[in-house]
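Report on the structure
Spelled out from the first residue to the last, the chains are:
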Amino acid sequence: MMCQNCNKKEATCHYKETVNLTVKELYLCSECASALGYDELLKIPFNQLGFGLDSFLPTLLSVSPFEAPAPERLEEACPLCGATKDDIIHSGRVGCAKCYSVFDDMLAPYIRRIHGSSEHAGQIPVGAADEIRTRGRLSKLRTELEEAIHTQEFERAAELRDEIRRLEAES
């Protein structure tokens, strides 16, 4: 991509700024970036750039992103992407979807704290909400019915059977 300022040289710097949902992106060559003052941004220490996702997880884990890694953190690695607990703590990002199950012991408490649950519930489409809830209720009732039959609670099984028939007739 060519420099958006001089249109003569190859762009080597990418500057992106988001203010009030307005995104400003510039692709500049090193000379134009220096002339426009964008090279001053590179002199700011990384840890003073402000709040970002890269600092969010380390803050939650109370670990500085600039600390030396603890040896015990380097032992376990994701078999798919090779990410370690240390990588996740320092970057604030998991390497792949498999990392969520590999590092569940570390991530689950923080996911629960942020989202209120670590189980994905998804969203129910507005038009299908009643049908989906009814199917879920029927599934639960059938499981309870099998359990009541297995434990020989026949009166409870009859009640569950009647409830299942009523819900099936309604839908």
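Since we're looking at a predicted model, the values are computed, not measured.

Points about the state of the cysteines
Tallied over the entire structure, the rule returns zero disulfides. For Cys 3, which is in no disulfide, the shortest distance to another cysteine sulfur is to Cys 32 and amounts to 3.7 Å. Between Cys 78, a free cysteine, and Cys 96, which holds the nearest cysteine sulfur, the sulfur-to-sulfur gap is 3.6 Å. Judged by relative accessible area, Cys 78 falls into the buried class, the value being 4%.

Brief notes about the confidence of the model for the chain
Note: predicted coordinates in regions of low pLDDT should not be interpreted at a detailed level. Looking at the chain as a whole, its pLDDT mean stands at 78, while 77% of the residues score no less than 70. When pLDDT is averaged over each helix and strand of the chain, the minimum, 57, is found for helix α2 (residues 53-60) and the maximum, 93, for helix α7 (residues 154-170).

Considering the nonpolar core
Cys 78, Ala 83, Ile 88, Ile 89, Cys 96, Cys 99, Val 102, Phe 103, Met 106 and Leu 107 together form the largest nonpolar core, which totals ten residues. Among the elements of the structure, α3 (85-91), α4 (98-102) and α5 (104-115) are those that each provide at least two residues to this core. Residue contacts for Met 106: discarding those within four places in its chain leaves Lys 85, Ile 88 and Ile 89.

A short note on the pairing of strand β2 (residues 22-28)
Two elements, strand β1 (residues 13-19) and β2, share seven bridges in a ladder whose sense is antiparallel. Bridge assignment links Val 19 to a residue of β2, and that residue is Thr 22. If you look at the hairpin formed by β1 and β2, you'll find two residues sitting between the two strands, and Asn 20 has a positive phi there, around 50 degrees.

Considering the environment of Val 102
Tracing the chain through its elements places Val 102 in helix α4. Sequence separation between Val 102 and Cys 78 is 24 residues; the distance between their C-alpha atoms is 6.2 Å.

Considering α7
End to end, α7 covers 24 Å across 17 residues, agreeing with the expected 24 Å (1.5 Å per residue, within 8%). Ala 157, Leu 160, Ile 164 and Leu 167 are the residues of α7 that are buried. For α7, the angular spread of buried residues about the axis comes to 90 degrees, placing them on one side. Exposed residues lying more than 90 degrees from the buried face of α7 are Phe 154, Glu 155, Glu 159, Arg 165, Ala 169 and Glu 170. Here the buried face of α7 lies against α6 (129-150).

About the criteria used
Starting afresh in each chain, residues are numbered from 1 along the sequence in its written order. Per-residue local features are limited, in this predicted model, to residues with pLDDT of at least 70; the limit for side-chain atom pairs, both in listing and counting, is 80 or more; totals at the level of whole chains, interfaces and linings are taken over all residues. Working from all heavy atoms in the structure, the side-chain values ignore hydrogens and water. Cysteine sulfur atoms that pair up within 2.5 Å are treated as a disulfide. Burial classification: accessible surface area is computed with a 1.4 Å probe over protein chains only, and a residue below 20% of its type maximum counts as buried, one above 50% as exposed, and the rest as partly exposed. Confidence scores labelled pLDDT are given residue by residue by the predictor and lie between 0 and 100. Labels follow the DSSP assignment, with helices taken as runs of H or I lasting at least four residues and strands as runs of E lasting at least two, numbered in each case from the N terminus. Residues enter a nonpolar core if they are buried and are Ala, Val, Leu, Ile, Met, Phe, Trp, Tyr or Cys, with the set joined through side-chain atoms within 4.5 Å. Any pair of residues with heavy atoms lying within 4.5 Å of one another is described as a contacting pair. Here the rule is simple: two strands pair whenever DSSP picks up at least two bridges between them. The span expected for a helix works out to 1.5 Å for each residue beyond the first. By arc we mean the arc of the directions from the helix axis to the C-beta atoms, nothing more.

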